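Single-letter residue listing:
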Amino acid sequence: MTTRAAIYLRVSTIEQATDGYGLASQREKCQAMATVKGWPVVAEFSDEGISGSKDEDDRPGLAALLDAACGGDVDAVIVGSLDRLGRKTTLIIDLVDRLNGCGVEFVSCKESIDTSTPTGRFVLTVFAGLAQLERDVITERVTGGRNERGKVDGERGGRIPYGYRREKYINGSDKVRTRLLIDEDAAANVRRIFAERESGSTLTAI
């Protein structure tokens, strides 16, 4: 019986901006793996500009892949690496379990994982954990950098509340910093909102 393979590709917005592990590169690796195994590629699914921390509700390509897999349209799924499938251990394990439950094998090129074997299933758990560890470390570094910046000028980046604005300035060490200042034009609206609320107006009316 011929094993019909599907390829899944994903790249996040940041990866698009830095031209990193692009879709073309992933496709080449997956197709090469299918050729080695003698599996014809019958479908390709992709999510472009979407984080690997999201599930199929926010990844149309992944949702279509699961429908095809559990609908009996494919017998195996190939990805370039585990982090293409997901960035959370629980998400990766859940997705692979669902594929296996539908009788579909899962293969990851980078980690040489093949869930048709006990060893492959064990290695999957290990590498999925490493994928989440990498994500958590990156998050911790970004958060730490923002917090250190905040100690200097109180600014941690991100969206600012309505009624404020950012202003660049040069501190004592001649470094350019940013700080939050009241936006007087917007602040007038904010004061009016609070005044009307205190007078008994409903949020809808305001």
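Just so you know, these numbers come straight off a predicted model, no measurement behind them.

**Considering the state of the cysteines**
Phase 1 of the analysis: For the structure on display, the rule yields one disulfide.
Phase 2 of the analysis: Not engaged in a disulfide, the cysteine Cys 30 finds its nearest cysteine sulfur in Cys 109; these two sulfurs lie 4.4 Å apart.
Phase 3 of the analysis: Of the residues examined, Cys 30 reaches a relative accessible area of 0% and is grouped as buried.

**Quick notes on a nonpolar patch on the surface**
Phase 1 of the analysis: The grouping of Phe 122, Val 126, Leu 130 and Leu 133 at the surface amounts to a nonpolar patch, some 400 Å² of accessible area in total.
Phase 2 of the analysis: Within the secondary structure, Val 126 is located in helix H6 (residues 118-153).

**A few points about the pairing of strand E3 (residues 76-79)**
Phase 1 of the analysis: Every second residue of E3 is oriented toward a common face, with Ala 76 and Ile 78 on one face and Val 77 and Val 79 on the other, all of them buried.
Phase 2 of the analysis: Sheet topology places strand E1 (residues 5-11) next to E3; four bridges connect them, and they run parallel. Bridged to Ala 6 within E3 is Val 77.
Phase 3 of the analysis: Of the pairings in the sheet, the one linking E3 to strand E4 (residues 105-108) comprises four bridges and is parallel in character. The residue bridging Ala 76 from the neighbouring strand is Glu 105, located in E4.

**Considering the environment of Arg 59**
Phase 1 of the analysis: Considering the arrangement of structural elements, one finds Arg 59 in the loop between strand E2 (41-48) and helix H3 (60-70).
Phase 2 of the analysis: As for Arg 59 and Arg 10, which are separated by 49 residues in sequence, their C-alpha atoms are 9.4 Å apart.
Phase 3 of the analysis: Once residues lying within four places of it in the same chain are set aside, the contact partners of Arg 59 are Tyr 8, Arg 10, Asp 47, Ile 50, Ser 51, Gly 52, Lys 54, Arg 84, Leu 85, Gly 86, Leu 91 and Leu 95.

**Regarding helix H7 (residues 184-198)**
Phase 1 of the analysis: Relative to the 21 Å expected for 15 residues at 1.5 Å per residue, H7 spans 21 Å between its end C-alpha atoms, a close match to the ideal helical length.
Phase 2 of the analysis: N-cap assignment for H7: the residue whose side-chain oxygen lies 3.2 Å from the backbone N of Asp 185 is Asp 183.
Phase 3 of the analysis: Looking one or two residues past H7, Gly 200 carries a phi angle of roughly 105 degrees, positive in sign.

**What about the environment of Ala 63?**
Phase 1 of the analysis: You can see Ala 63 is positioned in helix H3.
Phase 2 of the analysis: On the basis of relative accessible area, Ala 63 is assigned to the partly exposed category, the value being 21%.

Rules and cut-offs
Residues numbered from 1 in each chain as written. Predicted model: local features only at pLDDT ≥ 70, side-chain atom pairs only at ≥ 80, totals over all residues. Heavy atoms only, no water. Disulfide = S-S within 2.5 Å. Buried < 20%, exposed > 50% of the residue type's maximum accessible area, 1.4 Å probe, protein only. Patch = residues over 30% accessible without salt bridge, like charges linked within 9 Å, V, L, I, M, F, W, Y side chains within 5 Å. Areas by Shrake-Rupley, 256 points an atom, 1.4 Å probe, with all protein chains shown as cover. Salt bridge = Lys/Arg side-chain N within 4 Å of Asp/Glu carboxyl O. Helix = DSSP H or I, 4+ residues; strand = E, 2+ residues; numbered from the N terminus. Pairing = 2+ DSSP bridges. Contact = heavy atoms within 4.5 Å. Expected span 1.5 Å × (residues − 1). Polar contact = N/O pair within 3.5 Å; in protein donor to acceptor, adjacent residues only side chain to side chain.

Keep in mind that these numbers describe shape and distance, not what the molecule does.
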